[in-house]
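The chain contents come next:
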Amino acid sequence: MAKTKINLVWLKRDLRLEDHAPLAAAAEAGLPTLIFYTFEPSQLQEAHQDARHARFIVQSLTDLAQQLEQHAIQLLVFWSEIQPLLQQLREDFTLVTLFSHQETGLAASFARDQQLALWCRQQGVDWQELAQHPVQRGPKGRQQWRRQAKAFWSAPQSCVNWASWSPVRLGPEHQAWSLKCQRLPRAWLTPVADQQMGGSQRAQAHLRHFLNEALPFYRQHIGSSNQESRSTSRLSAYLAYGNLSVRQVIQQLTAQAPSRPQSRFYTRLAWQGHFMQKFESDWRIEQEALNPAVGALWQARQAELDPSEQDRRWQAWSTGQTGFPLVDAGMRALIQTGFVSFRLRALLVSFACHHLELDWRTVALHLARLFLDFEPGIHYPQIQMQVGLTGFNTLRIYNPVEQPRHKEAQAAFIQQWVPELSPLPWPLLHQPWQLTPLEKQFYPKLDYPEPIIDSQASGRAARERLWTWQRSAPVQAWVPRLLATQVEAPSRLRASR
Ligand SMILES: Cc1cc2nc3c(=O)[nH]c(=O)nc-3n(C[C@H](O)[C@H](O)[C@H](O)COP(=O)(O)OP(=O)(O)OC[C@H]3O[C@@H](n4cnc5c(N)ncnc54)[C@H](O)[C@@H]3O)c2cc1C
């Protein structure tokens, strides 16, 4: 008997039903279609992954399954590598087209995609990868990026005509494919109190609230550690997993009356595509310095350091026990909640890589596992800039003690996340090592480490080292070539209808 011809929609970092080009294309194609997500063991074992990411995905899939049920469509969730899964589906069906979004991912998912593309060609399956970001593959006219990005975000959303959707009729032998039947690890199923929950309906509700209530205050508190987490959008995790598309956000934003906060927020959103394009154009920056000459200098310096001292520093930084209250508060908040502001992310990187001289790759991996919103296309270009691996960006070495304009907000943040210091008055809260012997008598139970380094000396040494590197002839020799491949900054992009 002839097998039923079907199409497939493979969900990845696009866990929503609106503005979804693969779903819209599948609805239009008309064949019976399966919508599926698969937890791929090889990708789950990849070093950047953490249970918090999987938990967010499960929450998003549960939300999608509920929405699809309203259209009498089942969401299938598998636990399998993609290729064996498709092979298995081929036993029951003839696979015509596989629709998915194009992914700007890590080396592991890129390798998987290359193998899959080959398999699809060999098996006669038409794999259509559609864009969800204004990211171009291959070296195509980067000077045009800004104009093309703007056109991409203002293009009509891809709407799915559910009335014309043709579901695949599944027999009882296929019921084990449903989300309810998957034996997922318990840690993925239990929400964590301080961590944002996934799901496109939650994302939509949050976006509405942000645009209607909070946008006027956007960036009013930029730079302050805890307040910023209330006055920026907190959309990053929703965007990273595609609970919302950037286009959806931009179109709702630009439907509002023009204002300065609107324009600032638009520029931030545009940075996302800008950085993803950089990563797509030069994906080796997951492992290597963008500027090879800086990379060589880094390697040489790392070889000079004492491994046991570096291990001690790593243990202290990665667990929030460095003796620098703001740094420790940032790390502990991140471990617990999966989120810290841009400023704190930059401070954590600066302290780790410039003051402590920890290996930037290990630092990047640790943060990736902790960021609930981990997005390789933003993360790695940011790491390269903050660590000074490009050879042309401004060097950023932050003072780990305090950023003076925001002392009060930072004091509250430290009290929340380093509670052992909360009895101390400001400014000792920022610098507990300045307690005099007499003052120490008043806080006999204070249990907080001494500073792991002299931050003034380490800051001075880092500045000298990095500027010497940046000005050196081998580093400068690379700069014109690198700048030629870099996409233009979106700073002149403006929100307009
Ligand atoms: C070392 C380092 C690593 C980072 N890694 C990530 C990451 O893995 N994932 C991630 O989403 N962001 C990352 N960022 C960027 C930024 O810190 C977060 O996007 C932001 O703090 C998220 O909060 P929000 O959603 O409230 O942002 P908002 O300020 O409200 O911005 C809205 C959206 O714009 C985008 N955006 C904002 N700032 C930037 C930026 N500087 N670069 C690129 N896109 C931006 C994000 O999608 C964000 O959700 C990193 C920054 C640094 C310094």
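Residues numbered from 1 in each chain as written. Predicted model: local features only at pLDDT ≥ 70, side-chain atom pairs only at ≥ 80, totals over all residues. Heavy atoms only, no water.

Enquirer: Explain the pairing of strand S3 (residues 75-79) to me, using residue names and the numbers behind them.
Expert: The element S3 is extensively covered by neighbouring structure, given that four of its five residues are classed as buried. Summarising the sheet, strand S2 (residues 33-39) and S3 pair through five bridges and their orientation is parallel. By the bridge assignment for S3, Ile-35 is matched with Leu-75. (Buried < 20%, exposed > 50% of the residue type's maximum accessible area, 1.4 Å probe, protein only. Helix = DSSP H or I, 4+ residues; strand = E, 2+ residues; numbered from the N terminus. Pairing = 2+ DSSP bridges.)

Enquirer: Talk me through the site of the ligand; I want residue IDs and the actual numbers.
Expert: If you check the shell around the ligand, you find 26 residues, and the closest are Tyr-218, Thr-232, Ser-233, Arg-234 and Asp-373. Between the ligand and Thr-232, the relevant distance is 2.6 Å, taken from an oxygen atom to a side-chain nitrogen or oxygen of the residue. Arg-234 places a main-chain nitrogen or oxygen 2.7 Å from an oxygen atom of the ligand. In isolation the ligand exposes 820 Å². Once the protein is present, 98% of that is buried. More than half of the atoms belonging to the ligand lie within 2 Å of the grid points that define the largest pocket. When residues of the shell around the ligand are traced back to their parent elements, those giving at least two are helix H10 (236-240), helix H12 (260-281), helix H16 (342-355) and helix H18 (376-387). Its residues assigned to classes, the shell around the ligand comprises 14 nonpolar, seven polar and five charged. Both domains that furnish three or more residues to the shell around the ligand are identified here as domain 2 (200-281) and domain 3 (284-485). (Near = heavy atom within 4 Å. Polar contact = N/O pair within 3.5 Å; in protein donor to acceptor, adjacent residues only side chain to side chain. Areas by Shrake-Rupley, 256 points an atom, 1.4 Å probe, with all protein chains shown as cover. 1 Å grid on protein atoms, 1.4 Å probe; cavity = no way out; pocket = protein on both sides within 12 Å on 5 of 7 lines; lining within 4 Å. Sits in = over half its atoms within 2 Å of the grid points. Nonpolar A, V, L, I, M, F, W, Y, C, P; charged D, E, K, R; others polar. Domains from an automatic or database assignment.)

Enquirer: Which residues make up the UniProt feature "domain: Photolyase/cryptochrome alpha/beta" (unreviewed entry) in the protein chain, and what are the values?
Expert: The sites that carry the UniProt feature "domain: Photolyase/cryptochrome alpha/beta" (unreviewed entry) are, in the present numbering, residues 5-135. Along residues 5-135 one finds 46% helix and 24% strand; the C-alpha atoms at either end are 32 Å apart. (UniProt positions renumbered as here; feature names shortened; annotations may be inferred.)

Enquirer: Quick one: what's the story with the layout of surface pockets, residue by residue and with numbers?
Expert: In this structure, the largest pocket spans a volume of roughly 1100 Å³. Taken together, 42 residues form the lining of the largest pocket, with Arg-268, Trp-271, Phe-342, Ile-378 and Gln-382 sitting closest to its centre. Elements represented by at least two residues in the lining of the largest pocket include exactly H10, H12, H16 and H18. Among the elements that line the lining of the largest pocket, the one with the most residues is H12, at eight residues. (Points joined across faces, edges and corners; volume = space filled by probe spheres on them.)

Enquirer: Which residues make up the environment of His-133, and what values do they have?
Expert: Take His-133: it is sitting in the loop between strand S5 (126-130) and helix H6 (145-154). The spatial distance from the C-alpha of His-133 to the C-alpha of Phe-210 is 22 Å, given a sequence separation of 77 residues.

Enquirer: Which residues make up the environment of Asn-291, and what values do they have?
Expert: Among the secondary structure elements, Asn-291 is positioned in the loop between H12 and helix H13 (292-304). Note on Asn-291: relative accessible area 0%, which makes it buried. Each C-alpha atom of the pair Asn-291 and Ala-477 lies 9.6 Å from the other, and the pair is 186 residues apart in sequence. Residues contacting Asn-291, with those up to four places away along its chain left out, are Leu-389, Thr-390, Gly-391, Val-475, Trp-478, Val-479 and Leu-482. A distance of 3.2 Å separates a polar side-chain atom of Asn-291 from the backbone oxygen of Thr-390. (Contact = heavy atoms within 4.5 Å.)

Enquirer: Any details on the side chain of Gln-102? Residues and values, ideally.
Expert: With respect to the helices, strands and loops of the structure, Gln-102 is situated in the loop between strand S4 (93-101) and helix H5 (107-123). On the basis of relative accessible area, Gln-102 is assigned to the buried category, the value being 18%. Other than its neighbours up to four places away in sequence, Gln-102 contacts Glu-129, Leu-130, Val-135 and Arg-137.

Enquirer: Break down unusual backbone geometry for me, citing the residues and quoting the values.
Expert: Cis geometry marks the peptide bond from Trp-426 to Pro-427; its omega dihedral reads 10 degrees. Assignment of secondary structure puts Pro-427 in the loop between helix H19 (407-417) and helix H20 (437-442). Of note, Asp-19 is a non-glycine position whose phi angle comes to about 40 degrees, a positive value. With respect to the secondary-structure elements, Asp-19 resides in the loop between strand S1 (4-10) and helix H1 (21-29).

Enquirer: So, empty space enclosed by the protein: which residues are in play, and what are the values?
Expert: Within this structure, the stated rule accounts for seven cavities of 30 Å³ or more. When its volume is computed, the largest cavity comes out at roughly 110 Å³. Looking at which domains feed residues into the lining of the largest cavity, each of domain 1 (4-132) and domain 2 (200-281) supplies at least three.

Enquirer: Tell me about the environment of Ser-455, and please be specific about residues and values.
Expert: Relative to the helices and strands, Ser-455 resides in helix H21 (residues 455-471). Separated by 104 residues in sequence, Ser-455 and Phe-351 have C-alpha atoms that sit 8.9 Å apart.

Enquirer: Run through the domain arrangement of the protein chain, naming residues and quoting values.
Expert: Each domain of the protein chain was delimited in the assignment, giving domain 1 (4-132), domain 2 (200-281) and domain 3 (284-485). Measuring from the centre of the C-alpha atoms in domain 1 to the corresponding centre in domain 2 gives 27 Å. Contacts between the two partners involve 18 residues from domain 1, matched on the other side by 17 residues from domain 2. Across the domain 1 to domain 2 interface the summed buried area is about 1600 Å²; carbon plus sulfur atoms make up 47%. Of all residues in domain 1, Arg-13, Phe-56 and Thr-104 bury the most surface against domain 2, accounting for 36% of the area lost on that side. Taken together, the links from domain 1 to domain 2 amount to one salt bridge. For Arg-247, the salt bridge is made with Asp-19, and the minimal N-O distance between the two is 3.0 Å. Taken together, domain 1 and domain 2 are joined by 13 residue pairs in polar contact (both at pLDDT 80 or more). (Buried area = accessible area lost by both parts, 1.4 Å probe. Salt bridge = Lys/Arg side-chain N within 4 Å of Asp/Glu carboxyl O.)

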